[in-house]
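Structural features, examined
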Amino acid sequence: FSSRRRHTRCLSDWSSDVCSSDLLCGASFLGVLYGSHSWVLFWVCMSQVGQWCSYPLALLLIILRSPNADQAQSLSAMVQTIGYTMGAISPLLAGSLFELTGRWTASLWVLCVIAIAQALAGHGAGRIGQVRRRGMSDDEMLIAEVGTA
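So, here is what we can say about the structure in this document. (Residues numbered from 1 in each chain as written. Predicted model: local features only at pLDDT ≥ 70, side-chain atom pairs only at ≥ 80, totals over all residues. Heavy atoms only, no water.)

**Some remarks on the overall build of the protein chain**
Spelled out, the test is: Numbering of helices and strands starts at the N terminus; helices are DSSP runs of H or I of at least 4 residues and strands are runs of E of at least 2. Accessible surface is estimated by sampling points in the Shrake-Rupley manner with a 1.4 Å probe; for residues, cover comes only from the protein chains shown.
What the protein chain contains, in helices and strands, is 6 helices and 0 strands. Listing the helices and strands of the protein chain from first to last along the sequence gives α-α-α-α-α-α. Accessible area of the protein chain: about 9,800 Å², with a carbon and sulfur share of 68%.

**Thoughts on the environment of Val18**
Quick reminder of the rule: Relative accessibility thresholds used throughout: buried, under 20% of the residue-type maximum; exposed, over 50%; partly exposed, between the two (1.4 Å probe, protein chains only).
Positionally, Val18 belongs in helix H2 (residues 15-34). Accessibility expressed as a relative area gives 9% for Val18, which makes it buried. Spatially, the C-alpha atoms of Val18 and Gly124 are 9.7 Å apart, while their sequence positions differ by 106 residues.

**Notes on the packing of H2 against helix H5 (residues 105-125)**
Helix packing for two helices is described by the angle between their axes and how far apart those axes are. What counts, and what does not: All axes are obtained by fitting lines to C-alpha atoms, using only the stretch in contact for helices, and the reported angles, taken between N-to-C directions, cover 0 to 180 degrees. Angles below 35 degrees are treated as roughly parallel, those above 145 as roughly antiparallel, those between 65 and 115 as roughly perpendicular, and all remaining angles as oblique. By definition, residues are in contact when any of their heavy atoms lie within 4.5 Å. Three categories are distinguished: nonpolar for Ala, Val, Leu, Ile, Met, Phe, Trp, Tyr, Cys and Pro, charged for Asp, Glu, Lys and Arg, and polar for the others, with Gly belonging to the last.
As a packed pair, H2 and H5 sit with axes 8 Å apart at the nearest point and diverge in direction by 170 degrees. Judged on the interaxial angle alone, H5 and H2 are roughly antiparallel. Here H2 contributes Ser15, Val18, Cys19, Asp22, Leu23, Cys25, Gly26, Phe29, Leu30, Val32, Leu33 and Tyr34 to the contact with H5, which in turn contributes Thr105, Leu108, Trp109, Leu111, Cys112, Ala115, Gln118, Ala119, Gly122 and His123. Tallied by class, the residues present in the contact of H2 with H5 amount to 15 nonpolar, 6 polar and 1 charged.

**As for the side chain of Ser28**
You can see Ser28 is positioned in helix H2. Looking at Ser28, the relative accessible area reads 0%, which means it is buried. Sequence-distant contacts of Ser28, defined by excluding residues within four places in its chain, comprise Trp43, Met46 and Ser47.

**Some points on the packing of aromatic side chains**
To keep things clear, this is the line we draw: Stacked, tilted and edge-to-face pairs are distinguished by plane angle, under 30 degrees for stacked and over 60 for edge-to-face with tilted covering the rest, among Phe, Tyr and Trp rings (Trp via its six-membered ring) whose centres lie within 6.5 Å.
All chains considered together, the criterion is met by 4 aromatic pairs. Consider the rings of Trp39 and Phe42, whose centres lie 5.3 Å apart with planes at 90 degrees: the pair is edge-to-face. Judged by relative accessible area, Trp39 falls into the partly exposed class, the value being 47%. Relative to Trp43, the ring of Phe42 lies with its centre 5.0 Å away and its plane at 70 degrees, an arrangement referred to as edge-to-face. Assessed through its relative accessible area of 35%, Phe42 is described here as partly exposed.

Next up, the structure:
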């Protein structure tokens, strides 16, 4: 994706790319839920394609939205801590829902809701601009950008 963009650094809107990959995941979970049994393999493959696109895009957005290396490090630490914690808890939640209901339907619905929430968050994260610390003025932002160039 990034090699096809001119002026990749914060001048491109990545919202559609992020939302597309996340909504592909959500649609594939619905396909597993309500589609024909003969199409399950297709829907599982589509969910993997969506996830394969979402993860690198999330890491790329951390770099593109940060004005300097220190900001990128802080943002990356926060995002990855939250992401890996959610990733560690999710199998436990899915298994607990299966134990309670005896079916995977509730777990797949939770995944659909997570995919929608991820698309909404990705829409905001993919917009043009950079993340700045609270209280950081435009002058400080410019100094941070020039200091890393």
